[in-house]
Amino acid sequence: MPKASKSAPIRVLIAKPGLDGHDRGAKVVARALRDAGMEVIYAGLRQTPAEIVRAAIEEDVDLVGLSILSGAHMELIPRVLKGLRAEHASRIPVFAGGIIPDEDARRLKRLGVRAVFGPGTSLETIVESVRSIAGRSS
Amino acid sequence: MNGREPRAPLARAVRRGDRRALARLISLVERRDPAADRALRELYSFTGRARVVGLTGPLGVGKSSLVNRLIGHLRSQGRSVAVVAVDPSSPFSGGSVLGDRIRIEREDADTGVFIRSMASRGQSGGLAPTTRDVVRLLDAAGFDVVLVETVGSGQVDVEIREIASTSIVVLIPHLGDEVQTLKAGLFEIADVFCVNKSDLDGAEQARRDLVELVALGAPRHGWRPKVVSASASQPFGIDELWAAVESHEAFLDEGTRRADRDRHRLRAELFELVLDDAARRLRGAVEADRTFAELVEEVRARRLDPRTAAERWRRRSARPRG
Ligand SMILES: Nc1nc2c(ncn2[C@@H]2O[C@H](COP(=O)(O)OP(=O)(O)OP(=O)(O)O)[C@@H](O)[C@H]2O)c(=O)[nH]1
Ligand SMILES: [Mg+2]
């Protein structure tokens, strides 16, 4: 018989806000998280912050990962954070990846972004951080 | 039975149209949390109103793209739509990448659409029962139409079909191998065939082949599947696709068809539950029973065969104990 389980997989929304059309990196991360046993909802390219907030809520995810290469991170990421707050969903942690200068990364973290992964970050590191942000590190 | 508003907070919130509560409750249903059971019981009386339409078909034929277009079509008629998209899980890690998530050009504030992705594995209790319960939540939440997308894979589709009132099987031109798939089961499922990507070469031929195939088969319960050509990318054929769904729904509404179908399904569900319950109780009784362990030893020593031992246990346990 079915048992209630604490071990429900971690659900992550991976989204690419903004206009750049490169989602290789986001897909690689999505696959790595899947291979680590997570359920990844891949939102696809060119999502608006409002669409991302909506998806995060309807999909009831544990985390949101944003991949941004276009340089518009200081504009787009705060809008996602703000949208989540407006929907009373600020408990959903947000992490970011892409080409984000250190100075911006620091500012984003002050705004509430839980982790920022630069281009060189290993997949193991990302998987481990995602687990620990979700509160399920092994 | 109807009308009594639920007491469980999450169930109440769902009835009030709280989307976060709905999303949360779906997660609880997926992992068979006891809180979900309570909510489902309380919400059951509000179900049975939504049109539940399944879309299935091989990988990449454009199911999600069609769902997208159908959402647009239904919204323009003022109907609210919920979508459950079921994606396969990795057999290796148990994880999954669900998506690309269905994406609609909708107003940001449009509360008439709700989209949820689900992994096919890791559903404690099985995919079909979980999907059925998730569909019930969406139904109780008041959505007029619930669309269920699944990747064609035999058994799963047959089970999902038992949830939908109309099932669309999506195919594309140059069926070739697909025709084999049809014979293997998709044909049994379809109330409507949709030849998507009919903007591509070979669309007319594919449609004719299907019409022929449909004409050869015997109608199932008096219904001969409709064949519709469409293109989700152009788009065209979307109105026709929904019209075909409506005509099947109208067919069900004649006489007692819908009631018969409903009864048949609910009977199977109830039977399943009663069986589960009986099995659970019996298991408890067997595990607690010393004579059962003794019978095992008798069988092991070849003094009794398993069937006779089972019969003995049955007779013994049927007797009232003193
Ligand atoms: N030419 C053409 N391409 C289409 C049409 N509909 C969808 N596609 C393309 O087909 C591909 C798959 O579309 P999806 O809607 O994701 O198909 P799906 O059946 O949901 O895919 P899975 O869920 O992965 O099985 C995409 O690249 C679409 O752009 C169509 O009508 N014509
Ligand atoms: Mg799809």
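Residues numbered from 1 in each chain as written. Chains lettered and ligands numbered in written order. Predicted model: local features only at pLDDT ≥ 70, side-chain atom pairs only at ≥ 80, totals over all residues. Heavy atoms only, no water.

Undergrad: What's the story with the confidence of the model for chain B in this structure? I'm lost.
TA: Any region with low pLDDT has predicted coordinates that should not be read closely. Chain-level statistics for chain B give a pLDDT mean of 87 and a share of 85% at 70 or above. For this predicted complex, the interface confidence score (ipTM) comes to 0.89, while the overall pTM stands at 0.90. (pLDDT = per-residue confidence, 0-100.)

Undergrad: How should helix H1 (residues 24-35) of chain A be read in this particular structure?
TA: Three- or four-residue spacings in an α-helix give side chains the same orientation, since the helix completes a turn every 3.6 residues. A rise of 1.5 Å per residue sets the reference length of H1(A), with its 12 residues, at 16 Å; its end C-alpha atoms lie 16 Å apart and thus fit the reference within 8%. Among all positions of H1(A), only A:Ala26, A:Val29, A:Ala30, A:Ala32 and A:Leu33 are buried. Projected onto a plane normal to the axis of H1(A), the buried residues spread over an arc of 165 degrees and lie on a single side. Looking at the buried side of H1(A), the elements it contacts are strand S1 (11-15), strand S2 (39-42), strand S3 (63-68) and helix H5 (123-133) of chain A together with strand S3 (96-98) of chain B. (Helix = DSSP H or I, 4+ residues; strand = E, 2+ residues; numbered from the N terminus. Expected span 1.5 Å × (residues − 1). Buried < 20%, exposed > 50% of the residue type's maximum accessible area, 1.4 Å probe, protein only. Arc of directions from axis to C-beta. Contact = heavy atoms within 4.5 Å.)

Undergrad: I keep staring at the packing of helix H2 (residues 19-30) of chain B against helix H3 (residues 34-43) of chain B and nothing clicks. Help me out?
TA: Pairs of packed helices are described in terms of their axes, by the angle between the two and the distance that separates them. Residue and element names in this part refer to chain B. Here H2 crosses H3 at 115 degrees, and the two axes come no closer than 8 Å. Note on packing geometry: the crossing formed by H2 with H3 is left-handed. Seen from H2, the contacting residues are Leu25, Leu28 and Val29; seen from H3, they are Ala35, Ala36, Ala39, Leu40 and Leu43. (Axes fitted to C-alpha atoms, helices over the stretch in contact; angles between N-to-C directions. Left-handed = near helix turned anticlockwise from the far one by under 90°.)

Undergrad: Help me understand the coordination of the magnesium ion (ligand 2) in this model?
TA: Put simply, the ideal angle at a metal is 109.5 degrees for four donors in tetrahedral geometry and 90 or 180 degrees for six donors in octahedral geometry. All names here are of chain B. All of the protein donors around the magnesium ion (ligand 2) are Ser64 (OG) and Glu149 (OE); their distances to the metal are 2.1 to 2.2 Å. Of the two residues, Ser64 is situated in helix H4 (residues 63-76) and Glu149 in strand S5 (residues 145-151); the sequence distance between them amounts to 85 residues. Residue Ser64 is classed as partly exposed on the basis of its relative accessible area, which comes to 23%. (Donors = N, O, S within 2.8 Å, 3.2 Å for Na, K, Ca; no water.)

Undergrad: I'm lost on the site of ligand 1 in this one. Help?
TA: All names here are of chain B. By nearness alone, 16 residues border ligand 1, and Lys63, Ser64, Ser65, Asp199 and Ala232 come closest of all. In isolation ligand 1 offers 650 Å² of accessible surface; the protein chains occlude 67% of this area. Counting only elements with at least two residues in the shell around ligand 1, the list comes to H4 and S5. The biggest single contributor to the shell around ligand 1 is H4, with 3 residues. Partitioning the shell around ligand 1 into residue classes produces 5 nonpolar, 7 polar and 4 charged. (Near = heavy atom within 4 Å. Areas by Shrake-Rupley, 256 points an atom, 1.4 Å probe, with all protein chains shown as cover. Nonpolar A, V, L, I, M, F, W, Y, C, P; charged D, E, K, R; others polar.)

Undergrad: When you look at unusual backbone geometry in this model, what are you seeing that I'm missing?
TA: Omega for the bond connecting B:Gln234 with B:Pro235 falls within 30 degrees of zero, at -15 degrees, which places this linkage in the cis form. Residue position: B:Pro235 is located in the loop between strand S8 (226-229) and helix H9 (238-253). With phi around 55 degrees, A:His88 is a residue other than glycine that occupies positive phi space. By secondary structure assignment, the location of A:His88 is in the loop between helix H3 (73-86) and strand S4 (94-98). For A:His88, a relative accessible area of 59% translates into the label exposed.

Undergrad: What's the story with the packing of helix H11 (residues 290-300) of chain B against helix H12 (residues 306-318) of chain B in this structure? I'm lost.
TA: Residues and elements named next belong to chain B. Look at H11 against H12: their axes get within 10 Å of each other, and the N-to-C directions meet at 160 degrees. Considered as vectors, H11 and H12 are oriented roughly antiparallel to each other. The two elements H11 and H12 meet at a crossing, and its hand is right-handed. Facing H11, whose interface residues are Thr291, Phe292, Leu295 and Val299, H12 presents Pro306, Ala309, Arg312, Trp313 and Arg316. (Parallel < 35°, antiparallel > 145°, perpendicular 65-115°, else oblique.)

Undergrad: Which parts of the structure should I look at to understand the confidence of the model for chain A?
TA: Of all residues in chain A, 94% have pLDDT values of 70 or greater, and the mean over the chain is 89. Ignoring residues within four places in sequence, the model shows residues 1-5 of chain A, a span with pLDDT below 50, making 13 contacts including any to other chains.

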